[in-house]
Amino acid sequence: MAAPLPWLKPAVLAGSLLPLLEMLISGLRGTLGPNAIEEVLNRLGLIALVLLLGSLTLTPLHLLFGWRWPARIRRWVGNLAFTYVLLHFLTYAVLDQSLAVDAILEDITQRPFILFGFAAFLLLIPLAATSTDAMVKRLGYVRWKRLHRLVYLAAGLGALHYFLRVKADLSQPLFYATLLAALFAIRLVDAAKKRRARREREAAKAG
Amino acid sequence: MGLLPKEPPAGEITPEALYLRRREFIRGAAGFVGVTAAVGGGLIALSRRGSPPAAPEVAGIDGGPSPDALSIASRPPQFQVDEPHTEYAAATTYNNFYELGLDKGDPARNGHSLRPRPWTVQVDGETHRPQSLDLDTLLGWFPLEERVYRMRCVEAWSMVIPWVGFPLAALLRRLEPTSRARYVAFETLLDPEQLPGQRRGVLDWPYTEGLRMDEAMHPLTLMAVGLYGRTLPNQNGAPLRLVVPWKYGFKGIKSIVRIRFTETEPPTTWNLSAPNEYGFYANVNPQVDHPRWSQATERRIGELRRRPTLPFNGYGEQVAGLYRDLDLGKFF
């Protein structure tokens, strides 16, 4: 039997790239609003955060409902999130700052919200670089998995980046931060359950 | 024999394997389209929340007569700026007016709920004549001038806007402050029906702002009732707003219903919300960074590259003297 849901990955890929197409068309038609650079920067950043949290939602979905499809698109969603993070950074560095290195360095060192966003971007680079099957094999699954736990740190920094960016209404960043905390809690509970089960098994064996 | 339909060519005959899997194929196609649309549509909708609305066509701006043109008595040459004006559509769809929504496009979308007439301005505090003034009475006192000012937002973007209004100094003189009045405070309308953003406590409503008396009396300080030759649109702070071109935009309080003279520095909304980010003075100053963004440069709306920000937004020659004895790093 062929792999189930062969269309799932292409659909997630196509769907995740649609906003880029929409932004491109809007840009060409001049309908991105009076401050198009800021608009693109904000949209790319938000989509990056949503996709990053989306990639972290997949394992809990498996844990909660026993579905098997989430695991198959997890790395894809992670890579798509990184694509948006990269585009977000490039929009900031090239379009917004015109590659003014001193201004960018000043931003990173002086402004915590930019520092946290930049740190998240840096953390995601090794994860994106090791996202191929060959790299999983080369690192060994246990080590690969340990490395990829960094994604939680990166997502946390991403949420913090958003939180500190907002001027007065914190409801949106708080929503994403809460979601992230909930996802993390589901995994902690699951890990604790597994640990207990293992201990009981070992105790039974010893007895 | 010519009567029977021709057999289709071999290439057009569906292979048996595919024919048998057609249901699976249709399901797959539907799944693909559904998931693509859901993921794409969801991301687009989330990321476009609050984006500026499509620029409206405006009579009198895009050609044709303007229904709400103001009669302008003068264009004093000392209050003009020789720089291209920001497009009307940009100045009226890219606004910070949290009482009408938090995103830049919200005020233009939600502005219809504000009713700029009838409108009363309460005058009290350190004045010889506390009073309630009907706006139209007040407007009858002053000929309208057009002044083109740079507008620099604390978020590091800027515009060039032709305002229509009258000097605040002329109004304050008529309101007869006492000798104890050292500051003047302003308040925005408090009415969640008209300003639905006030239903949420993101800021301490009503919005209040204030100026030192000498700042308020400075000839550059303007009470605006219009822009681009026409009545102020609601999203720009109708019917009466403050314009202080050497200060960050948030000092320019909108939809004013109260003017109060005080002896001590009045509390101001953004300063109460985040005192380390927004000072009482809020003079445009490229040397004093906001904790979350540099103030050294700005993006002029309509331009691609950032440009350097000027001290006092380019009005230093006129206003720097007001602050000769003030440590501007401390009193930002």
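Residues numbered from 1 in each chain as written. Chains lettered and ligands numbered in written order. Predicted model: local features only at pLDDT ≥ 70, side-chain atom pairs only at ≥ 80, totals over all residues. Heavy atoms only, no water.

(A) Spotlight on the overall build of chain A. Helix and strand counts for chain A stand at nine helices and zero strands. Going residue by residue from the N terminus, the α and β elements of chain A occur as α-α-α-α-α-α-α-α-α. Based on the C-alpha atoms only, the size of chain A along its principal axes is roughly 70 × 45 × 35 Å. For chain A, the proportion of its 207 residues judged to be buried stands at 41%. In chain A, the share of contacts with a sequence separation of at least 24, taken over all contacts with a separation of at least 6, comes to 69%. Accessible surface computed for chain A: about 11,400 Å², of which carbon and sulfur atoms make up 68%. Here chain A carries 25 positive and 12 negative side-chain charges, and the mean point of each set is 16 Å from the other. (Helix = DSSP H or I, 4+ residues; strand = E, 2+ residues; numbered from the N terminus. Buried < 20%, exposed > 50% of the residue type's maximum accessible area, 1.4 Å probe, protein only. Contact = heavy atoms within 4.5 Å. Areas by Shrake-Rupley, 256 points an atom, 1.4 Å probe, with all protein chains shown as cover. Lys, Arg positive; Asp, Glu negative; His and termini not counted. Charge placed at Lys NZ, Arg CZ, Asp CG, Glu CD.)

(B) Spatial organisation of helix α9 (residues 171–206) of chain A. Between its first and last C-alpha atoms α9(A) spans 52 Å; for 36 residues at 1.5 Å apiece the expected length is 52 Å, and the two agree. Taken as a whole, α9(A) has its buried residues at A:Pro173, A:Tyr176, A:Leu180, A:Leu183 and A:Asp190. Where the residues of α9(A) are buried, they touch α2 (36–65) and α8 (150–165) of chain A together with α2 (22–48) of chain B. (Expected span 1.5 Å × (residues − 1).)

(C) Layout of the nonpolar core. Grouped together as the largest cluster of nonpolar side chains are 83 residues, with contacts concentrated most on B:Trp163, B:Phe186, B:Met223 and B:Ile259. Considering every element that reaches this core, the biggest residue donor is strand β4 (residues 157–167) of chain B, with seven residues. Sequence-distant contacts of B:Ile259, defined by excluding residues within four places in its chain, comprise B:Val121, B:Gln122, B:Val123, B:Asp124, B:Leu171, B:Leu172, B:Leu175, B:Val184, B:Ala185, B:Phe186 and B:Met223. Listed in part, the 41 residues of the second largest apolar core include A:Met23, A:Leu51, A:Leu52 and A:Tyr152. (Core = buried A, V, L, I, M, F, W, Y, C linked by side-chain atoms within 4.5 Å.)

(D) Geometry of the layout of surface pockets. Residues and elements named next belong to chain A. Roughly 940 Å³ of volume is contained in the second largest pocket. Taken together, 29 residues form the lining of the second largest pocket, with Thr-59, Arg-74, Lys-145, Arg-149 and Arg-187 sitting closest to its centre. Elements supplying a minimum of two residues to the lining of the second largest pocket: α2, α3 (69–96), α5 (112–129), α7 (141–148), α8 and α9. Per element, the largest residue contribution to the lining of the second largest pocket is eight residues, and it comes from α9. Among the residues making up the lining of the second largest pocket, the classes are represented as 14 nonpolar, six polar and nine charged. (1 Å grid on protein atoms, 1.4 Å probe; cavity = no way out; pocket = protein on both sides within 12 Å on 5 of 7 lines; lining within 4 Å. Points joined across faces, edges and corners; volume = space filled by probe spheres on them. Nonpolar A, V, L, I, M, F, W, Y, C, P; charged D, E, K, R; others polar.)

By themselves, these figures tell us nothing about what the structure is for.
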